[in-house]
Amino acid sequence: MVTSSSDAGNRPLLLISTFATLSLLYFVGWIVHRLFLHPLHHIPGPWINAVSRIPYARHLIAGTTVDNVKFLHDKYGEVVRLSPNEVSFTSGDTAWQDIYGFRTGKLKGHENMRKDPAWYSPPPTSTHIIVANDEDHSRFRKVLSHAFSEKALAQQEALLQSYVDLLVGRLKEVISKDSGPQDMVKWYNWTTFDIIADLLFGEPFGCLQNLSTHKYISLLFANLKVFRLSYVMYYWPFIRRLRSLLLNQEILQGRIDFYRWIGERTQQRVQTEIQRPDFMTEILKHNGEKGAEMTPTEMNNNASIMITAGSETTATLLSGVTYCLLKNPEVMKKLKDEVRGKWKKYDDITLEAVNKAPYLIAVLQEALRYYPPLPTGFERRVGKGGEYVSGYFIPEDTAVCVSSSPTGRSPQNFKDPDSFIPERWMDDPHFVDDKKTSIQPFSVGPRNCLGKNLAYAEMRLILAKIMWSFDLELSPKSENWMEHKVFVVWKKPELAVHIREVERED
Ligand code: HEM
């Protein structure tokens, strides 16, 4: 066959246009599949989220993910598609059990949904209770759970009280010399870090004593940036290579240094006989029992996670509740009336007594709804064969979660969701239709929070003793304090509060 020279000249053009047409067809076909044929096509949401993960990742990086997920639920309802393989629920009254609950009753025989590796990145070496697979998790939980029982906690009341008293005492000293506003975020962080450090290592980090944030705690906060990028690096592994450009080297090194430092403290404590039993005494007593062993590295990693999980969360809730009280003077007054009326003497404020203070308990419960310390979702992957969540069929390997903050603020779950109303937790008939079980700030099931009892004890004692001792006033510079971003946890700015000691006639 004879080929003309013009045909030969056109061939590259023809190849390019055929390639372009096929690519376009493939691309259109792929979009049509994602929108109409994908096993998640029945889940509502913006079409772009079904096609691409970029919009969701963009919010994650910008710290606006909670606002965005709330916006999507307001628009599309109790279930929404966040990205091609991620689904969020606000139907907490059923979804908590379906996703996180024990596999009993109608779920008997179903496997636990595993933690989504895109969200749970392991420590530099080995593993810890939060990211561990079910087998390791059960081993760790068996060792650690004794330390967190109500009985063990009751034995630590003197220690807890001593730190709450130190907080109150140091605040009194500082305000007697300095009439300026105090940053309550710092004060609460100092207290909760010192408490958990003493429970684990037999001595505090010295934050309250020195009125300064320990170097390694500052590193821990800087580390939150790494969490946010873990998700991005999981789905776009090439970004891992740009890590050194995207992240400050000091932060990367800080993560390693933090784990090393906690490791050293843990091993020091393990070698030391102490007179006063603490959480570590319980942990060491049970380590090595059948099915409950931890290697030294696992012990170090679990200590790191308890330091992190056991301080920042409780301090966040205390900061949030302080702000909510300052913005709702009538609630503040009712709480002060309860606290100051119930306890004539400061020393009457015991653990047993705060557990019987109904308004205090309702205020904290409302704060957990209004401003949950972990505001996003705890993502899980659906197991083999798929599962029903809140009545929706979700195929295998989809990432699912209950989004905490959007669930608490959903008008489908709560009347006047954007108002801070503790009475809703006290059988007020106006709120009889509130779906109270949709709020599970400590999660449910086999992976629920181990430190729930400790968290409640700290929050109740600290709030009661602060309310008994001081009158607080919000500084104008913190007027809009709650408008802040989320990088896995809230990125809390300074909470500036004027503090005055309550004068009493003895
Ligand atoms: C208001 C305070 C707190 C809140 C809202 C909170 C919330 C949570 C949540 C939602 C989880 C499950 C996370 C997931 O599924 O990935 C969790 C797990 C955990 N929390 Fe807390 N927490 C708080 C305080 C504490 C304290 C004081 C400690 C004490 C060390 C603690 C220790 C833990 C541990 C060890 C786990 C892992 C449990 C497991 O996987 O078996 N938390 N927490």
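Just so it is clear, the structure is predicted and the values come from calculations on it, not from any experiment.

### Notes on the coordination of the iron atom of the ligand
Geometry sets the ideal angles at a metal, namely 109.5 degrees for four tetrahedral donors and 90 or 180 degrees for six octahedral donors.
Stage number 1. Its sole protein donor being Cys449 (SG), the iron atom of the ligand sits 2.3 Å from that atom.
Stage number 2. The topology assignment puts Cys449 in the loop between helix 21 (404-408) and helix 22 (452-469).

### Some words on the nonpolar core
Stage number 1. Counting residues in hydrophobic clusters, the biggest one holds 102 residues, and the most contacted among them are Phe205, Ile283 and Leu463.
Stage number 2. Apart from residues no more than four positions distant in its own chain, Phe205 is found in contact with Phe193, Asp194, Ala197, His214, Ile217, Trp261, Ile262, Arg265 and Ile307.

### Some thoughts on the environment of His128
Stage number 1. Structurally, the position occupied by His128 is in the loop between strand 3 (114-115) and helix 6 (134-144).
Stage number 2. For His128, a relative accessible area of 3% translates into the label buried.
Stage number 3. Considered as a pair, His128 and Met306 are 178 residues apart in the sequence and their alpha carbons are 9.8 Å apart.
Stage number 4. Filtering out sequence-adjacent residues up to four positions away, His128 remains in contact with Pro123, Phe140, Tyr259, Asn301, Asn302 and Ile305.

### Things to note about the pattern of salt bridges
For side chains bearing opposite charge, pairing can occur when the charged atoms are close.
Stage number 1. A complete count under the given rule lists 30 salt bridges for this structure.
Stage number 2. Put simply, Glu494 and Lys477 hold a salt bridge, and the shortest N to O gap is 3.7 Å. Taken together, the residues span a long stretch of sequence, with Glu494 in the loop between strand 11 (489-490) and strand 12 (496-501) and Lys477 in the loop between strand 9 (470-474) and strand 10 (486-487) at a distance of 17 residues.

### Structural notes on the site of the ligand
Stage number 1. Within the structure, the ligand sits among 28 residues, and Tyr120, His137, Arg141, Arg380 and Cys449 are positioned closest to it.
Stage number 2. Here an oxygen atom of the ligand sits 2.6 Å away from a polar atom, N or O, in the side chain of Tyr120.
Stage number 3. In this structure, His137 approaches the ligand through a side-chain N or O atom, which is 2.6 Å from an oxygen atom.
Stage number 4. Those elements that provide at least two residues to the shell around the ligand are helix 6, helix 16 (296-309), helix 17 (312-327) and helix 22.
Stage number 5. Sort the elements by how many residues they give to the shell around the ligand and helix 22 lands first, with three residues.
Stage number 6. Classifying every residue of the shell around the ligand gives 17 nonpolar, seven polar and four charged.

### Section: the packing of aromatic side chains
Stage number 1. Under the definition given, this model contains 23 aromatic pairs.
Stage number 2. Their ring planes at 50° and their centres at 5.3 Å tell us that Trp119 and Tyr231 sit as a pair that is tilted. Of this pair, Trp119 sits in the loop between strand 3 and helix 6 while Tyr231 sits in helix 12 (residues 224-235), and the two are 112 residues apart along the sequence. There is no split in this pair, since Trp119 and Tyr231 are both buried.

Conventions we followed
Residues numbered from 1 in each chain as written. Predicted model: local features only at pLDDT ≥ 70, side-chain atom pairs only at ≥ 80, totals over all residues. Heavy atoms only, no water. Donors = N, O, S within 2.8 Å, 3.2 Å for Na, K, Ca; no water. Helix = DSSP H or I, 4+ residues; strand = E, 2+ residues; numbered from the N terminus. Core = buried A, V, L, I, M, F, W, Y, C linked by side-chain atoms within 4.5 Å. Buried < 20%, exposed > 50% of the residue type's maximum accessible area, 1.4 Å probe, protein only. Contact = heavy atoms within 4.5 Å. Salt bridge = Lys/Arg side-chain N within 4 Å of Asp/Glu carboxyl O. Near = heavy atom within 4 Å. Polar contact = N/O pair within 3.5 Å; in protein donor to acceptor, adjacent residues only side chain to side chain. Nonpolar A, V, L, I, M, F, W, Y, C, P; charged D, E, K, R; others polar. Phe/Tyr/Trp six-rings, centres within 6.5 Å; stacked < 30°, edge-to-face > 60°.

So far we have only geometry, and geometry alone does not tell us how the molecule works.
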